[in-house]
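Listed here are the chains, written in short residue letters.
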Amino acid sequence: MLGVCGAVALVAALPLAMASGSPGGGAPPKNTRRQAGARPGWGFTHTQYSAEHGTPEATRKAGALLSARPLPQNQHIMGWGAENPEPSPGRYDFQALDERVALMRATGATPVLTLCGAPDWMKGGRRGRTDWSRLEAAPDRRHYKDFARLAGAIARRYPDIRHFLVWNELKGFYDEGKRRWNYEGYTQLYNLVYAELKKQNPHNLVGGPYVVADHDPPADDPEDRSPELRGSWGELDQRSADVIHYWNEHKAGADFVVADGSSYTREGHETIPDEFAATEKFADVTRWLSNVTGLPVWWAEWYVEPPAEDDRPGGRDGWNEQHRTAVHATAMMQLAASGASAAFYWNPQQTGDDCPGCLWRSTHLPDGGQGLPMARLLNRFAHEFPPGSAFRPVDATAEPGARIQVLADDAAVLVVNTEHRSVAARVDGQTLTLGPYEVRWLAR
């Protein structure tokens, strides 16, 4: 994938039906090319609020949106919309998780479960009580086997679910004294969970370590920077690389490797050299993970919009939807072109009217449930660029001083205007005028 600035460029491209204007467009249906197994493709993660609760008409609309072109859907077993699944040893409460799984089933999703977090009694808390302020605490080592048994109980309860992510971002596993991740403890937990899930069904697919691929700006100071992966966007945090290497060497087995990360730096939240070019990090990390592990690469989360600092306006709520969607489209192009097997959009669903980046209008509103720009982009991209897509070259030029991003295969071309102004371009033989931050699909 290449940026285009006033010159002809050969860029990978893929098949899509013609659409223009709103991000994602609306293409006629065609036969799915989604690959099974460890390559489910593009999907999203449910958070605290989703489509199973709200006004009847709004939940119906949201359900129809999710059913029209089903995507993989990911749900955590505790928190992020689910209650404590085992408040006391052997006493289970799966009602909330059942509702989320029912939503995934009803909308035709490929269901995915993230095995995080742990009941309080597994991490020093009281039996029968849930302290949600400690959601991100890791289980005590003496309870690793108990957490694995819980994972097995969940696998038995939902025998149709085949995809499992073990833990989330190594939450609670950072060793402050050693200034590094406790990858030994995490890998011990992972191996126990892996063995339990495979015992329940050898066809279950399991992955980890779900590490945050942090990075810092390019610098001469080598502290905490990995010499094995760097780019114009910065340098990979060595602590993240150490997690991957240790887990890869000591894991009992894995069907895929999981990471997440952002295109902005760990400190300062800088996008280098800019918010669009910084997304090259996703391609570089994907290729690196594939080379190191030899496994399909899953992105459990990806982020492109820096948070606001010191409560100042801006950050994730500062970009308009056109800008936000254009940068996400560019990040997804990088992930697809580098061969990612799965990527899950973290859906920041809320109950109110203002919800930047949400996939649908809140189902708690009387007129809610309608798809928003990110849903249109995600649905269309998943339909057109499933794992295994054969990307092809495409001729593309933009007016002097402007940059566009292009990705294509035999049937379609995705074009992104990275400028906040209209841009004249010629792509695959077509003359275009692209609006500010416009995302447009072209048929080949």
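Residues numbered from 1 in each chain as written. Predicted model: local features only at pLDDT ≥ 70, side-chain atom pairs only at ≥ 80, totals over all residues. Heavy atoms only, no water.

(A) Focus on the overall build of the protein. For the protein, the count of helices and strands is 8 helices and 21 strands. In the protein, which comprises 444 residues, the share counted as buried stands at 59%. For the protein, the exposed surface amounts to about 17000 Å²; the carbon and sulfur share of it is 48%. (Helix = DSSP H or I, 4+ residues; strand = E, 2+ residues; numbered from the N terminus. Buried < 20%, exposed > 50% of the residue type's maximum accessible area, 1.4 Å probe, protein only. Areas by Shrake-Rupley, 256 points an atom, 1.4 Å probe, with all protein chains shown as cover.)

(B) Structural view of the nonpolar core. Within the largest apolar cluster, 111 residues are counted, with the highest numbers of intra-cluster contacts made by W42, F147, V193, W298, W302, L378 and F381. A per-element tally of this core places helix α7 (residues 321–337) first, with 8 residues. Aside from chain neighbours lying at most four places away, what touches F147 is I77, L115, C116, G117, A118, M122, W167, L189 and V193. The next biggest cluster of nonpolar side chains, apart from the first, holds 15 residues, and it includes V394, A398, V423 and L432. (Core = buried A, V, L, I, M, F, W, Y, C linked by side-chain atoms within 4.5 Å. Contact = heavy atoms within 4.5 Å.)

(C) Representation of the pairing of strand β11 (residues 225–231). Bridging between β11 and strand β12 (residues 234–237) involves 3 bridges; their strand directions are antiparallel. If you follow R225 over to β12, its bridge partner there is D237. Linkage of β11 to β12, two consecutive antiparallel strands, is achieved through a turn of 2 residues. (Pairing = 2+ DSSP bridges.)

(D) Quick peek at empty space enclosed by the protein. Taken as a whole and assessed by the stated rule, the structure comprises 2 cavities of 30 Å³ or more. A volume near 60 Å³ is recorded for the largest cavity. Together, F44, L65, L66, L71, L359, W360, A375, L378 and N379 line the largest cavity. Listing elements by their share of the lining of the largest cavity, those giving two or more residues are α1 (56–68) and α8 (373–384). With 3 residues, the single largest contributor to the lining of the largest cavity is α8. (1 Å grid on protein atoms, 1.4 Å probe; cavity = no way out; pocket = protein on both sides within 12 Å on 5 of 7 lines; lining within 4 Å. Points joined across faces, edges and corners; volume = space filled by probe spheres on them.)

(E) Region of the structure containing the packing of helix α6 (residues 280–293) against α7. Look at α6 against α7: their axes get within 7 Å of each other, and the N-to-C directions meet at 20°. For the element pair α6 / α7, the angle class is roughly parallel. Both α6 and α7 take part in a crossing whose hand is right-handed. Along its contact with α6, which presents E280, F282, A283, T286 and R287, the element α7 presents A331, Q334, L335 and A337. (Axes fitted to C-alpha atoms, helices over the stretch in contact; angles between N-to-C directions. Parallel < 35°, antiparallel > 145°, perpendicular 65-115°, else oblique. Left-handed = near helix turned anticlockwise from the far one by under 90°.)

(F) Region of the structure containing helix α5 (residues 238–250). Taking 1.5 Å as the rise per residue, α5 with 13 residues should run 18 Å; its terminal C-alpha atoms sit 18 Å apart, in good agreement. Within the sequence span of α5, burial applies to R239, S240, A241, V243, I244, W247 and N248. Among the residues of α5, the N-terminal cap falls to D237, whose side-chain oxygen and the backbone nitrogen of R239 are separated by 2.8 Å. (Expected span 1.5 Å × (residues − 1). Polar contact = N/O pair within 3.5 Å; in protein donor to acceptor, adjacent residues only side chain to side chain.)

(G) Spatial organisation of the packing of aromatic side chains. In the structure shown here, the tally under the stated rule is 22 aromatic pairs. Here Y92 and F94 contribute two aromatic rings whose centre-to-centre distance is 5.4 Å and whose plane-to-plane angle is 10°, an arrangement assigned as stacked. Plain terms: the ring middles of F381 and W441 are 6.3 Å apart, the flat faces sit at 65° to each other, and that makes the pair edge-to-face. Linking F381 in helix α8 with W441 in strand β21 (residues 439–443), this pair joins segments that are 60 residues apart in sequence. No difference in accessibility class separates F381 from W441, as the two residues are buried. Here a set of aromatic residues connected by ring pairs shows up, and it is made of W42, W302, Y345, F381, F385, F391 and W441. One Lys or Arg, R180, reaches over the ring of Y183 and ends 4.3 Å from the middle of that ring. Looking at K251, its charged tip hangs above the ring of W247, at a distance of 5.4 Å from the centre. (Phe/Tyr/Trp six-rings, centres within 6.5 Å; stacked < 30°, edge-to-face > 60°. Lys NZ or Arg CZ within 6 Å of the ring centre and 35° of its normal.)

Nothing here speaks to function; it is all geometry.
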